[in-house]
Amino acid sequence: MSNGTGQSGGAAAARLAADAEALAAAARAEIESAADLDALAKVRARYAGKNGALKELLKGLSGLPKEERPAAGAGVNRIAAAVQDALDARRTALEAAGADEPDDPSFDPTLPGAPLPRGSRHPVSIVLDEMRAIFVRMGFDEVTGPEVEDAWHNFDALNIPAGHPARERTDQFYVEGGRLLRSQTSTVQVRVMETRKPPLRVFAPGRVYRPETVDARHLYAFHQVEGLVIDEGISLADLKACIRTFAESMYGSGIATRFRPHNFPFTEVSAELDVSCPACGGTPTGRCATCGGEGWIELGGCGMVHPRVLSMCGIDPERWTGFAFGMGVERIAMRRWALEDIRALEENDVRFLSQFA
Ligand SMILES: [Zn+2]
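Residues numbered from 1 in each chain as written. Predicted model: local features only at pLDDT ≥ 70, side-chain atom pairs only at ≥ 80, totals over all residues.

Right, let's talk about the overall build of the protein chain for a bit. Counting its regular elements, the protein chain contains twelve helices and ten strands. In terms of overall dimensions, the protein chain is more spread out than a globule: its C-alpha atoms have a radius of gyration of 42 Å, far above the 21 Å expected for 357 residues. Expressed along its principal axes, the backbone C-alpha trace of the protein chain runs to roughly 125 × 50 × 40 Å. Burial statistics for the protein chain: of 357 residues in total, 29% are counted as buried. Restricting to contacts in the protein chain with at least 6 residues of sequence separation, those with at least 24 account for 68%. (Helix = DSSP H or I, 4+ residues; strand = E, 2+ residues; numbered from the N terminus. Rg over C-alpha atoms; globule rule 2.2 N^0.38 Å. Buried ≥ 20, exposed ≤ 12 C-beta atoms within 10 Å, placed from the backbone. Contact = placed C-beta atoms within 7 Å.)

Take a look at the structure:
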């Protein structure tokens, strides 16, 4: 090809056409060897981009004689369109082949995924939810109250007067201002009686706090479920029927209940509450892990609401009577799974908790 001075317009047009052909050949080779979409995007920018080689080539048209420009321009545009088509075809092919995935022969996309480790519910939550479901079925409303209480709700309104040994500083977790961490969920029944009119039928699950020395059977924080029923003509027979219905729902029909006389300041009469051992049916042969050979397991305490408690909460004891009960949730969980150490429920060792999945 001539490169002398004074070359004719025809020679310049021919050189432009040859440059365009060479550029198109180089572009096609690079497009075909682009291994993935990233590499292809770089090739596209280099040839078909805003400042790409094809645009540079079009600028060469201005150096041609005016009458040759249309034909030469059409030629360059045809080549640009061909490069564009090749880019598009290669992209379609790469996408179809999943070119974004690493080329790993051991990777099989048809295999099911590896399962993620799954958590489990805490045994205390399992028992609490079962109790909750039973009481809701029996027509009880769920209520809650604060864990930091004043002396009125934790003691006075529950007929535990000033000077009572239960109010000793060593028997409670006191905080500032004479307030304390509640030692029982009975505080919630006081709050309900103060704010709602009877008839009442509520249960209150929650955490309570007592300065116990922690050992295999004691924690300083644990869960209770409190129940309260107030209506006209409520008697001890209603309490027994309620407890029996609950026990049969929790442990199955055939379970027996037993009341042992006891004393609580806020109930009169008061009783401790047992159910026959669900594991050995109440007739232990040898050493039953659930009841320890007793045949009975303790469920909690209960009684008829003390008339003084009713009047202190603004309810007329001449018209209304009621019963209350409290049950320890950790205790029920321990008996359910024959746990020997209550601390396992608080330590939250995953090896222990995963058994409840
Ligand atoms: Zn037993």
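From this point on, the discussion continues.
A separate point is the confidence of the model for the protein chain. Looking at the protein chain, pLDDT values average 88 and 96% of them are 70 or higher. In the model, residues 1-7 has pLDDT below 50 throughout and makes four contacts with residues more than four positions away in sequence or in other chains. (pLDDT = per-residue confidence, 0-100.)

Here the focus is the sheet that holds strand β4 (residues 180-181). Sheet architecture is open: three strands sit in the order β2-β4-β3, paired in antiparallel fashion. Strand pairing shows two members of the sheet lacking a second neighbour, β2 (148-149) and β3 (173-174), which therefore form its edges. Alignment of β3 against β4, held across two bridges, turns out to be antiparallel. In the sheet register, phenylalanine 173 faces β4, and the bridge partner there is leucine 181. (Pairing = 2+ DSSP bridges.)

A word on the pairing of strand β8 (residues 267-276). Pairing between strand β7 (residues 257-262) and β8: six bridges, direction antiparallel. Across the sheet, the residue bridging to arginine 260 is glutamate 272, located in β8. Between β7 and β8, which pair antiparallel and follow one another directly, the connecting turn spans four residues. Here eight bridges tie β8 to strand β9 (residues 296-305), and the two strands are oriented antiparallel to one another. What sits directly across from aspartate 274, in β9, is glutamate 298.

On to the packing of helix α2 (residues 37-48) against helix α4 (residues 69-96), then. Remark: α2 packs on α4, axes separated minimally by 10 Å, with the N-to-C direction vectors making an angle of 170°. By the angle between their axes, α2 is roughly antiparallel relative to α4. In this structure, α2 contributes Leu37, Leu40, Arg44, Tyr47 and Ala48 to the contact, and α4 contributes Val83, Gln84, Leu87, Arg90, Arg91 and Leu94. Of the residues assigned to the contact of α2 with α4, the class counts are seven nonpolar, one polar and three charged. (Axes fitted to C-alpha atoms, helices over the stretch in contact; angles between N-to-C directions. Parallel < 35°, antiparallel > 145°, perpendicular 65-115°, else oblique. Nonpolar A, V, L, I, M, F, W, Y, C, P; charged D, E, K, R; others polar.)

According to the domain assignment, the protein chain consists of domain 1 (11-96) and domain 2 (123-356). One C-alpha centre belongs to domain 1, the other to domain 2; they are set 84 Å apart. (Domains from an automatic or database assignment.)

A separate point is the sheet that holds β8. Spatially, seven strands are ordered β1-β5-β6-β10-β9-β8-β7 in an open sheet, and the strand pairing comes out mixed. Two strands lie at the open edges of the sheet, namely β1 (141-142) and β7, each paired on one side alone.

Here we come to the environment of leucine 180. Checked against the element boundaries, leucine 180 lands in strand β4. By C-beta crowding, leucine 180 is classed as buried, having 23 other C-beta atoms within 10 Å. Residues leucine 180 and serine 354, spaced 174 residues apart in sequence, show a C-alpha to C-alpha distance of 35 Å.

The subject of this paragraph is helix α8 (residues 236-251). Along its 16 residues, α8 runs 22 Å from first to last C-alpha, staying within 8% of the 22 Å computed at 1.5 Å per residue. Restricting attention to buried positions, one finds in α8 the residues Leu239, Cys242, Ile243, Phe246, Ala247 and Tyr251. All buried residues of α8 lie within an arc of 135° about the axis, which places them on one face of the element. The outward face of α8, more than 90 degrees from its buried face, is lined by the exposed residues Ala237 and Ala241. Residues of α8 that are buried make contact with α5 (123-137), β6 (221-231), β7, β8, β9 and β10 (321-328). (Expected span 1.5 Å × (residues − 1). Arc of directions from axis to C-beta.)

The contact between α5 and helix α10 (residues 329-336) brings their axes to 9 Å, and the two run at 105°. Between α5 and α10, the interaxial angle falls into the category roughly perpendicular. Only Val329, Glu330, Ile332, Ala333 and Arg336 of α10 make contact with α5, whose side of the interface consists of Pro123, Val124, Val127 and Leu128.

Inspection of the secondary structure puts leucine 181 in strand β4. Accessibility expressed as a C-beta count within 10 Å gives 20 for leucine 181, which makes it buried. Here the alpha-carbon distance between leucine 181 and asparagine 154, two residues 27 residues apart in the chain, equals 9.0 Å.

In a soluble, globular protein the nonpolar side chains are often hidden away together inside. By size, the foremost hydrophobic cluster in this structure holds 49 residues, and its most contacted members are Val202, Ile243, Cys302, Phe323 and Phe325. Take this core: its biggest share by element is six residues, from α8. If we ignore the near neighbours within four places in the chain, the residues touching phenylalanine 325 are Gly227, Ile243, Leu273, Gly300, Gly301 and Cys302. If you look at the next biggest cluster of nonpolar residues, it comprises 18 residues, including Ala20, Ala24, Ile31 and Tyr47. (Core = buried A, V, L, I, M, F, W, Y, C linked by C-beta atoms within 7 Å.)

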